[in-house]
Every structure is written in C-alpha cells, then in structure tokens.
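Read off the chains here:
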Number of protein chains: 2
Amino acid sequence: MAIEGIKERIIQAAAAEFLQKGSGGARMQVIADKAGINKALLHYHFQTKQRLYETVLRQQFSKLIDSLFEQLEKETDFDTWLQSLIRKYLREIMTAPGLSRFVLWELNSGAKVLPQLFKKCLADKGHDPSFILTTINRRLQEEGLGNIDPVHFLLNLLALCIYPVIAKPILEQILGSGYFKAGDFIASREEEIFKLLKQGIYRQNEEDK
Amino acid sequence: MAIEGIKERIIQAAAAEFLQKGSGGARMQVIADKAGINKALLHYHFQTKQRLYETVLRQQFSKLIDSLFEQLEKETDFDTWLQSLIRKYLREIMTAPGLSRFVLWELNSGAKVLPQLFKKCLADKGHDPSFILTTINRRLQEEGLGNIDPVHFLLNLLALCIYPVIAKPILEQILGSGYFKAGDFIASREEEIFKLLKQGIYRQNEEDK
DNA sequence: GTCTATAACCGGATAGAC
DNA sequence: GTCTATCCGGTTATAGAC
C-alpha cells in the first residue's frame, strides 16, 4: 500500500460524489467532507470544480477502457471469447454501476466534454472508436457468421449486460429487493445471456443456409 | 383542442426541463421562460419546486403506466402478444427517451419520492407491482413454457427494448451519428428482439424435454 | 392573476493568516 | 499545505403594487 496521497483521497471522494449526483448535482463541500479536508484546500489542489470533474472522469474512463478492450482483443475460440466478454462486462458494471448510469445521464445533458474526453482516452491508448465494431465483425466472419449484423449483436450484448445492473433500483420495485442480493444472480445472468446470444446467432445462420 | 390552460402549459414546460436536467439541475426560471410567464406566477400556481416536480412526475408515470399495462393485459395469442409488447415498449421509449433515462438516474440519487410516487400511481389504477411478473408467468404457463424463468424473460425484454434507445448518445460515438436516423432502425430492432426472445424461449424448452 | 422588486439562501471561489 | 472568514453570483421563494 503506497502512502495515500491527499490528491488520491480527493479524487476518490470526488468520484463517489460525481458519479452519484452528476456534474451539476455534486457539491464541493460534500467532496471536501468525504476527503476529510475543507473547501479551500480542495480548490488549492484542483482550482475549479470543472478541473476536478475532468480529472475524475479521465481516470474512470481509463480504467474501464483498459478492462474492456483487453477482453475484446483476446484471441481465444469464439465461445470462450464471447463468454469471457459477457463475464467481464457484467462484473465490471456490477462493481461500478454508477459509471454506466452516470455516462448515460450526463451525455444527454448536452455537455460536449464527455464524448471528447472519452475519445481522447481511447486515442491515448492507440484505439479508434470503430475498433469495437470491426473486431466483432472479424470474429463473426472467422466463425462463418458473416450474415449476422454486428450492430445488433453489439446492441444485444451491451443491453443484456448493462441494463439489468443499472436498472436495479427500478427492478427491485417489481421483483422485490432481495432478488439482486442472491449471490448467484450474476452467475445465472451470465449463463442466460450467453445462451440467448449464441442461440440467436445460430438461429439466424440456419435460416440463411 | 381545449382552451390551453396555463397550468397545462407550465406542466409541459416543466416536464421538458425536469426530464432533461433532473430534479436538482432544473431551473424555475427556465421553466417560467418556456411557459412564457415569470417566476412569481409559477410559484403562485405551484408554490414550490418540489410540488411542481411531483405534479409533473405523477402525470408522466400515469401516461406510461396506462400505455404499458394496457398492452400487457391484452389476451391475444402468445406471438402476437409478445410482438405487440415489444412494439409498444420500443415506440413508447423512442418517443419519450427522456423518461426512462430520468427514472434510471433519479432513482439512484437516494430520493425516496420516485418509488413512492410510482407505487401510488400503480395503486390508483388498481394494480399491484407483482402484477407484471404474475401476468408474464401466466402467459408462459399457458403456452406450455413453465420452465422459462419469468424474471430473466422480463429482464431480457426490458433490456433489449430500452437500452439501445437511452444509450443512443453513446452508441452514436461507436456507430456513427447517422445510424439511428435511418427510419427502419425501429422496425429492424423490433424484429431482432422478437426473434431473439422467441428463439431463446424454445431453445430452453427443447433442452428440458 | 400577473407583474416588479427583493429577501433569504446556497454554493463556488478567493484572501490572507498560520 | 492547510485553515477560517468572506465575497459574489445565481436560485428559490415572497412581498406588494396593479
């Protein structure tokens, strides 16, 4: 464990506050309290709210992008690849549901900062936004599944993994609050998504033969 | 067309502002401007921001609940029922993506108002939260699909319909901005979801025989 | 009912002592 | 580097004339 620098402590506190309340809803006072300092010191280290916000996001995106792209690029056989992708996405989102929810919301509020920041993070790691789709397409082609629309495939994958996690507060209203607490929820969800996607793929393939 | 009451005009303006900015981010001044009046008059009609907020939400939920439950209760054959459900959900969310996004976000910020309001709206119409799940379960049973988990079924349905619409701003980053403008996107998405869900159902059914 | 003017408050940012 | 005290702009809400 490194000596916990105060900047790190601030960033951590700020991340919690920003991801929960959004750029506008977050309060510098709350961040200072969470970090165990006062507002003045907060401004001493990060000048403005905006700068702090961007620092936090850059760091959050960076973590997420590393994790997801690493998995996407793995050259295992198709089934293993898909299964690991699902598992990775599910776990990533489950441990940080705030980020997906936050991006979904914040991107809507006209703020141009987020897309720019995201693209910059991608570029810093040598990736292009189209890389995701071309990789999926290549894997499908190699598997003899050239007739599958990679866009629908991607939409299905993301939707099935992300939605149940970020919609948890709503779903608990319908399903009862104990539902997501069961440890086997992720496991059963993982299996369900894999089966559904795979069956969807081969169904379409049979049709076209 | 009825004489457009000023309260209706305010509620409409407030809905736009609240759904885009959230409870905290919304500004009474902006709502007043959009409604073509001034702040004082706004407070004359709705006293506080909180009251206006609740009025707007009650009305939005009411619309949504009516629309979705009506479709859920239709007693057509299974395929038609599922297909109409998908179509209805997709269109409902497509015409008002703001509401889903808003609920997803706002529910997260610890505010207890939303769940209460939602339950109250359901109760006002004589529905129980568990009604959704029991209805789905009954339809599956009637179709000889008692082995399908209604929770995963519901999760899949909601995820596949809702996610692509609310995640539009992100997806445009990956797919290019023209993708969703194509008029046939909904139609093709509608078909994709129906096929995927149906295949998923019968796949599981075959396995268990 | 509708307006103008203003009170009361909150939150980001800064000054200046230590 | 870290604190206390304060400024200043912006936001909700109200007072009071018409």
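Here the structure is a predicted model, which means the values were calculated and not measured.

On to the protein's contact with DNA strand D. As a matter of local geometry, DNA strand D sits amid 16 residues, with Asn38 and Ala40 of chain A together with Met28, Lys39 and Lys49 of chain B nearest to it. Contact distances for DNA strand D include 3.1 Å between a phosphate oxygen and a backbone N or O atom of Met28 of chain B. Only α3 (39-46) of chain A together with α2 (28-35) and α3 (39-46) of chain B provide two or more residues apiece to the surface near DNA strand D. For the surface near DNA strand D, the class distribution of residues is 8 nonpolar, 5 polar and 3 charged.

We now examine the interface of chain A and chain B. In this complex, chain A contributes 50 residues to the contact, which on the side of chain B involves 50 residues. Between chain A and chain B, a total of about 4,900 Å² is buried, with carbon and sulfur atoms accounting for 68% of that surface. Between chain A and chain B we count 0 salt bridges in total. Viewed at the interface, chain B and chain A are joined by 9 residue pairs in polar contact (both at pLDDT 80 or more). Broken down by element, the side of chain A that touches chain B gets its largest block of residues, 12 residues, from helix α9 (residues 150-166) of chain A. Its residues assigned to classes, the side of chain A that touches chain B shows 30 nonpolar, 11 polar and 9 charged.

Lining the immediate environment of DNA strand C, one finds 15 residues, of which Lys39, His43 and Lys49 of chain A together with Asn38 and Ala40 of chain B sit closest. Atoms of DNA strand C within 4 Å of the protein belong to the sugar or the phosphate in 53% of instances, the rest to bases. One of the backbone nitrogen or oxygen atoms of Lys49 of chain A is found 2.8 Å away from a phosphate oxygen of DNA strand C. Put simply, the parts of the chain that give the surface near DNA strand C at least two residues each are α2 (28-35) and α3 of chain A together with α3 of chain B. A breakdown of the residues in the surface near DNA strand C according to their chemical character gives 7 nonpolar, 5 polar and 3 charged.

Bringing the packing of aromatic side chains into the picture now. Describing an aromatic ring pair means giving the distance of the ring centres and the angle of the ring planes. By the definition in use, this model includes 19 aromatic pairs over all chains. Here Phe18 of chain A and Tyr53 of chain A contribute two aromatic rings whose centre-to-centre distance is 5.1 Å and whose plane-to-plane angle is 70 degrees, an arrangement assigned as edge-to-face. Highlighted residues: Phe18 of chain A in helix α1 (residues 6-25) and Tyr53 of chain A in helix α4 (residues 49-73), separated in sequence by 35 residues. Residue Tyr53 of chain A is classed as buried on the basis of its relative accessible area, which comes to 4%. Between Trp105 of chain A and Phe102 of chain B, the aromatic rings sit 6.5 Å apart at their centres with planes inclined by 55 degrees, giving tilted as the arrangement. Of this pair, Trp105 of chain A sits in helix α6 (residues 97-106) while Phe102 of chain B sits in helix α6 (residues 97-106), each in a different chain. Accessibility expressed as a relative area gives 0% for Phe102 of chain B, which makes it buried. Among the aromatic side chains, those forming a connected cluster through ring pairs are Phe18, Tyr53, Phe102 and Trp105 of chain A together with Phe18, Tyr53, Phe102 and Trp105 of chain B.

The two copies are related by a screw operation: chain A maps onto chain B through 179 degrees of rotation and 0.1 Å of translation along the axis, at an RMSD of 0.2 Å. Considering both components of the superposition, the chain copies are consistent with a two-fold axis. The position closest to the rotation axis in chain A is occupied by the C-alpha of Ala159 of chain A, lying 2.6 Å away. The overlap is high: 98% of the interface residues of chain A also sit at the interface in chain B, so the same surface is used on both sides.

The next point concerns the nonpolar core. Counting 147 residues, the largest nonpolar core has Leu52 and Ile86 of chain A together with Leu52 and Ile86 of chain B as the members making the most contacts within it. Non-local contacts of Leu52 of chain B, meaning those with residues more than four positions away in its chain, are made with Ile10, Ala14, Phe18, Met28, Ile31, Leu42 and Phe46 of chain B.

Once that is clear, we can look at the domain arrangement of chain A. Residue and element names in this part refer to chain A. Considered domain by domain, chain A is made up of domain 1 (1-47) and domain 2 (64-208). Counting the surface lost from both domain 1 and domain 2, the interface buries some 310 Å², and carbon and sulfur atoms represent 70% of this. The largest contributions to the domain 1 side of the interface with domain 2 come from Leu19, Gly22 and Ser23, which together make up 91% of the buried area. Counting across the domain 1 and domain 2 interface gives 0 salt bridges. Seen at the junction of domain 1 and domain 2, the total is 1 residue pair in polar contact (both at pLDDT 80 or more). Its residues assigned to classes, the side of domain 1 that touches domain 2 comprises 2 nonpolar, 2 polar and no charged.

How each quantity is defined
Residues numbered from 1 in each chain as written. Chains lettered and ligands numbered in written order. Predicted model: local features only at pLDDT ≥ 70, side-chain atom pairs only at ≥ 80, totals over all residues. Heavy atoms only, no water. Near = heavy atom within 4 Å. Polar contact = N/O pair within 3.5 Å; in protein donor to acceptor, adjacent residues only side chain to side chain. Helix = DSSP H or I, 4+ residues; strand = E, 2+ residues; numbered from the N terminus. Nonpolar A, V, L, I, M, F, W, Y, C, P; charged D, E, K, R; others polar. Contact = heavy atoms within 4.5 Å. Buried area = accessible area lost by both parts, 1.4 Å probe. Salt bridge = Lys/Arg side-chain N within 4 Å of Asp/Glu carboxyl O. Phe/Tyr/Trp six-rings, centres within 6.5 Å; stacked < 30°, edge-to-face > 60°. Buried < 20%, exposed > 50% of the residue type's maximum accessible area, 1.4 Å probe, protein only. Least-squares fit on C-alpha atoms with pLDDT ≥ 70 in both. Core = buried A, V, L, I, M, F, W, Y, C linked by side-chain atoms within 4.5 Å. Domains from an automatic or database assignment.

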